[in-house]
Amino acid sequence: MKIQIYGCRGSIPRPNPEMARYGGNTPCIEVVSSSRQCDSVDGGDCGRVGHRIILDLGSGAVDLGQKVMGEMFQAKKRQQAEQEIPNEGRGEEGGRSSITTSDGLDEVKVGEKEEPKRNNVKLAPQKFGGTILLTHTHWDHIQGLPFFVPLYLPQFEWTIYGPRGIAKSLQEILSGQMQHDYFPVRLGDMTSKTKYQGLCEDMEKGFWLEGDISTDCDHPTSSIKVTSKYLNHSVLTLGYKLEEFAQIPLPSTSNQLFRRKKRGVSMAYITDHEPFDHALANGGFTPRDPRKPNCTADQYHVQFFEDVDILVHDCQYLFSEYAPGSPTSKEYWGHSTVEYVVEVAFYANVKQLLLFHHDPQRSDDQMDDLLIYARELAVKLEEKCGGDKENFVRLKVDAAKEGDTYDLDPYVFLDENDISIDGDVSESNGESIHHSNDDVSPPRSVNTGQQCVLLGFYESASGPIRDMLESTDNSPKVEVLQSRDELLHFAEQNHPSVIVLDNLLFGCTGFEFCKVIRTEMGEWGKNVPMLVIACPGEGQRARLTAERLNLDDFIQGPYSPSYLFTRIQVSLLRMPLRWRRAPLAENESERLATLQSTGLLDSLPEERFDRITRLAKAMFKVPISLVSLVDEDRQWFKSNQGLAGATETPRDYAFCSHAILTDDIMVVPDALQDERFADNPLVEGSPNIRFYAGCPIKASSCEDGSNKMPIGTLCVIDSKPRDLSEDERRALKDFGAMIEQELS
């Protein structure tokens, strides 16, 4: 892969003469996969490039867009020259049709009998476009998008990936900066063939991007695997790892297209990340002990980019600038220090570290000093423990500069014998994406190719969820039916992508319907996602039946339309749902009766509770502190510090609905790493919860204070990941006891 830096400045573009050497453009990096297709007819390179991947679209994307346009014009000229070469010079027979071009952008027309060839190798059609990987949607990482010219031309095909949200799609977020008040052109005016795809953390499986593979070609090619990991920033942010592997084409008699080498080359792109443990900003990282099953969040971070050839890592501050506790502290700003980055790169066995996301106030001379300091830190680490480090690799430290290029060649491993045999390759809207053998694509409607959601609902009850589904990008077809026979007929004929049944309509026959689907409709029926909404009163026996039928979800108790919408969305994408509703307590009816007996629900604010939440907010240094009461279908805030104007949320949004099921306090250090909460709207959207700690509050309906039931929590919330010390846990319990004292 070839890597070129088009922007490495953080926060805001700086067209300043004192910053010219390192550059003033905000983040944008081009990565192009290696290409060994063939030589041109005149003995030189054929001019084709591999798959283009763009990391972020900061202001550096403007210059990259001009380069991409120039390459397309050059490719068109070569294509035209190819048509004009006499036939005898090709070693092939057959006629050629005339060429029609009106401008440099029109396609060259080729007769049916002729295929573009060089040295008797038939080439795949030239493609223009590629893949764009956005780490997050802060302005300095997307401000070049409106000025990236290749997005405006229909000859280009792009897939734009970014962190997946539920509240807003990636396309909606990107269109925000191009609204009429801010920009004269709208996102919808871009005429390129562009797809938008949200991603979650995926450090293992990832997805594959293939190069421009030739047909009938016996030359080695390559493919790139993309994996992702959540970073510690103020908004949902992903880091990416790109691994490129050489591929050896197999004969046409094989049921596979290629064999892929086990070893390849790799880079990781980690920008806008702050140490999870802020104490590590001044060094002190401890590598993970392989004998222990658990690791810290920072060790998990390092694990993602272990052994990469090039690590591009946010390194905006020195520790003296990060300066926790000082009036000018940069703590919680979401960026790393030199001391932290050099250390984690060293222990990760990285070959080359590129310092990135340079501070907008740092001049070239200051960058030189910072680089010298970083290299000195690496030398000290090597002297201290390099000889004791397993598989020691000397760390090379550089700072990213605009225009710099780096080449990593996956073909150096071609002579090795460690070849792994992979699955087939399928085409997907202009991109060749490799699917491993265990990959399952989302099912689609048999008749239309469009995804379809089948709802077994009363017509009057289907409105909210139908409206939410039909308002999404690439909205699925939604079919609402009430008759069991009609549902079975539609399912058999159309193979919907997801089936949702309301047992309030079907009763026990809903499970009979599911059994027919699972046992009588082949492979599709065995695998189609099915969600069943339980009737009131359906208990453990019904849940066991749902498990035997392998239902994807059996939704008991009150639920919000947002939860069902999210559940359907992730089923359409065949992704795991990382948002779990808390189960109801065994004594739920008694618990709700106790809550009602307190008389607190929907009451006016009271200073006796507000005083405690103010103290908790100040002591734990968090933006939000609440007394939350968990009602039948909502959580209601008796005391609210930090959520201006909010009085309640649906119950299935509530972290507190989980916390009341424990006797001890519940601590969630990082909601994005917790399978119960990562897709929760309160995590993906405002107030962007990352840290939660809740102490159950109990009350009694008996005069003697016996038989206490959990009615809610005292909780503290932050938009930054963190944890509580033992002393802090005890303090939170003390505050919870003060709330209970007020109830007695």
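Here the structure is a predicted model, which means the values were calculated and not measured.

Novice: Can you help me understand the overall build of the protein chain in this one?
Specialist: Each helix and strand in the protein chain was counted, giving 18 helices and 31 strands. Looking at the protein chain as a whole, 53% of its 744 residues qualify as buried.

Novice: Would you explain unusual backbone geometry in this entry?
Specialist: What is expected of a backbone is that most residues other than glycine have negative phi and most peptide bonds are trans. The amide bond that connects Ser686 to the next residue, Pro687, takes the cis arrangement and shows omega of 10°. Looking at the secondary structure, you find Pro687 in the loop between helix 17 (681-684) and strand 30 (691-699). Look at Ser11: it is not a glycine, yet its phi comes out positive at around 80°. As for its placement among the helices and strands, Ser11 is situated in the loop between strand 1 (2-7) and strand 2 (28-32).

Novice: Could you clarify how one ought to interpret the pattern of salt bridges in this entry?
Specialist: Side chains that carry opposite charge are capable of pairing whenever their charged atoms lie near each other. Within the structure shown, the criterion is met by 31 salt bridges. Residue Glu648 pairs with Arg634 through a salt bridge whose shortest N-O separation is 2.8 Å. Here the residue Glu648 occupies a position in strand 28 (residues 648-650), and Arg634 occupies one in strand 27 (residues 634-641), the gap between them amounting to 14 residues. On the basis of relative accessibility, which here comes to 39%, the residue Glu648 falls in the partly exposed class.

Novice: Mind showing me how you'd approach empty space enclosed by the protein here?
Specialist: To find leftover empty space, one rolls a probe the size of a water molecule over the atoms. Taken as a whole and assessed by the stated rule, the structure comprises three cavities of 30 Å³ or more. Volume-wise, the largest cavity comes out at about 80 Å³. Taken together, Gln556, Pro558, Arg581, Ala582, Leu584, Glu632, Arg651, Asp652 and Ser657 make up the lining of the largest cavity. Along the lines of polarity and charge, the residues of the lining of the largest cavity split into three nonpolar, two polar and four charged.

Novice: Quick question: what am I supposed to make of the pairing of strand 14 (residues 310-314) here?
Specialist: For a regular strand, side-chain orientation follows a simple rule: the groups alternate between the two sheet faces. Among the five residues in strand 14, five count as buried, and that is most of the element. Taking every second residue as pointing to the same face, both faces of strand 14 are buried, with Ile310, Val312 and Asp314 on one and Leu311 and His313 on the other. Relative to strand 14, strand 13 (residues 265-270) runs parallel, the two being bridged by four bridges. Note on strand 14: the bridge partner recorded for Ala268 is Leu311. Looking at chain direction, strand 14 and strand 15 (residues 352-356) are connected through five bridges and run parallel. Bridge pairing links His313 to Leu355 in strand 15.

Novice: Help me out: how do you make sense of the sheet that holds strand 24 (residues 530-533) in this one?
Specialist: Pairing is parallel across the open sheet formed by five strands, whose spatial order is 22-21-23-24-25. Edge strands, defined here as strands with exactly one partner in the open sheet, are strand 22 (477-481) and strand 25 (553-555). Averaged over all pairs of adjacent strands, the angle between their axes in this sheet comes to 15°, without regard to strand direction.

Novice: Would you take a moment to explain the sheet that holds strand 7 (residues 157-163) for this structure?
Specialist: Neighbouring strands of a sheet are bound in pairs by backbone hydrogen bonds; such pairs are parallel or else antiparallel. The strand order across the open sheet formed by seven strands is 8-7-6-3-2-1-17, and the pairing between neighbours is mixed. Two strands bound the open sheet, and with one partner strand each, they are strand 8 (193-199) and strand 17 (405-407). Ignoring which end each strand starts from, the neighbouring axes of this sheet average 20° apart. Sheet analysis places strand 1 next to strand 17, joined by three bridges and oriented antiparallel. Note that in strand 17 the partner of Lys2 across the bridge is Asp407.

Novice: I keep staring at the packing of aromatic side chains and nothing clicks. Help me out?
Specialist: Inspection of the entire model under this criterion finds 16 aromatic pairs. Measuring from centroid to centroid gives 6.5 Å for Phe319 and Tyr322, while their planes differ by 35°, and the two rings are tilted. Taken together, the positions of Phe319 and Tyr322, both in helix 4 (residues 319-322) and three residues apart, correspond to about one turn of that helix. What makes Phe319 partly exposed here is its relative accessible area of 23%. The buried category is assigned to Tyr322, whose relative accessible area is 0%. Chaining the aromatic ring pairs together yields one cluster made of Phe128, Phe148, Phe156 and Trp158. It is Lys330 that lies over the ring of Trp333; its NZ or CZ is 5.4 Å from the centre.

Novice: Teacher, can you tell me more about the side chain of His313 here?
Specialist: Relative to the elements of secondary structure, His313 occurs in strand 14. Those residues in contact with His313 that lie beyond four places of it in its chain are Ile270, His273, His301, Phe305, Ser336, Tyr340, Val341, Leu353, Leu354, Leu355 and Phe356.

Novice: Would you mind showing me how to read the environment of Tyr6 here?
Specialist: Topologically, Tyr6 is positioned in strand 1. Separated by 24 residues in sequence, Tyr6 and Glu30 place their C-alpha atoms 7.3 Å apart. In this view, Tyr6 contacts Asn25, Cys28, Glu30, Gly60, Asp63, Leu64, Lys67 and Glu402; residues no more than four positions away in its chain are not counted. Reaching out from Tyr6, the side chain makes a polar contact with the side chain of Gln4 at a distance of 3.5 Å.

Novice: When you look at the packing of helix 7 (residues 463-470) against helix 13 (residues 561-572) in this model, what are you seeing that I'm missing?
Specialist: Two numbers describe a pair of packed helices, the interaxial angle and the distance between the axes. At a minimum axis separation of 10 Å, helix 7 and helix 13 run at an interaxial angle of 50°. Accordingly, the angle class assigned to the pair helix 7 and helix 13 is oblique. In terms of crossing hand, the pair formed by helix 7 and helix 13 is right-handed. Between helix 7, through Ile465, Met468 and Leu469, and helix 13, the contact on the second element is made entirely by Pro561, Ser562, Leu564, Phe565 and Ile568. Residue composition of the contact of helix 7 with helix 13, grouped by class: seven nonpolar, one polar and no charged.

Novice: What is the right way to look at the confidence of the model for the protein chain in this model?
Specialist: Atomic detail in the predicted coordinates should be set aside for any region of low pLDDT. Per-residue confidence for the protein chain gives a mean pLDDT of 81, with 79% of residues at or over 70. Low pLDDT, under 50, characterises residues 212-216; the stretch is placed with 18 contacts to residues that sit more than four places away or in other chains.

Conventions and cut-offs
- Residues numbered from 1 in each chain as written.
- Predicted model: local features only at pLDDT ≥ 70, side-chain atom pairs only at ≥ 80, totals over all residues.
- Heavy atoms only, no water.
- Helix = DSSP H or I, 4+ residues; strand = E, 2+ residues; numbered from the N terminus.
- Buried < 20%, exposed > 50% of the residue type's maximum accessible area, 1.4 Å probe, protein only.
- Salt bridge = Lys/Arg side-chain N within 4 Å of Asp/Glu carboxyl O.
- 1 Å grid on protein atoms, 1.4 Å probe; cavity = no way out; pocket = protein on both sides within 12 Å on 5 of 7 lines; lining within 4 Å.
- Points joined across faces, edges and corners; volume = space filled by probe spheres on them.
- Nonpolar A, V, L, I, M, F, W, Y, C, P; charged D, E, K, R; others polar.
- Pairing = 2+ DSSP bridges.
- Axes fitted to C-alpha atoms, helices over the stretch in contact; angles between N-to-C directions.
- Phe/Tyr/Trp six-rings, centres within 6.5 Å; stacked < 30°, edge-to-face > 60°.
- Lys NZ or Arg CZ within 6 Å of the ring centre and 35° of its normal.
- Contact = heavy atoms within 4.5 Å.
- Polar contact = N/O pair within 3.5 Å; in protein donor to acceptor, adjacent residues only side chain to side chain.
- Parallel < 35°, antiparallel > 145°, perpendicular 65-115°, else oblique.
- Left-handed = near helix turned anticlockwise from the far one by under 90°.
- pLDDT = per-residue confidence, 0-100.

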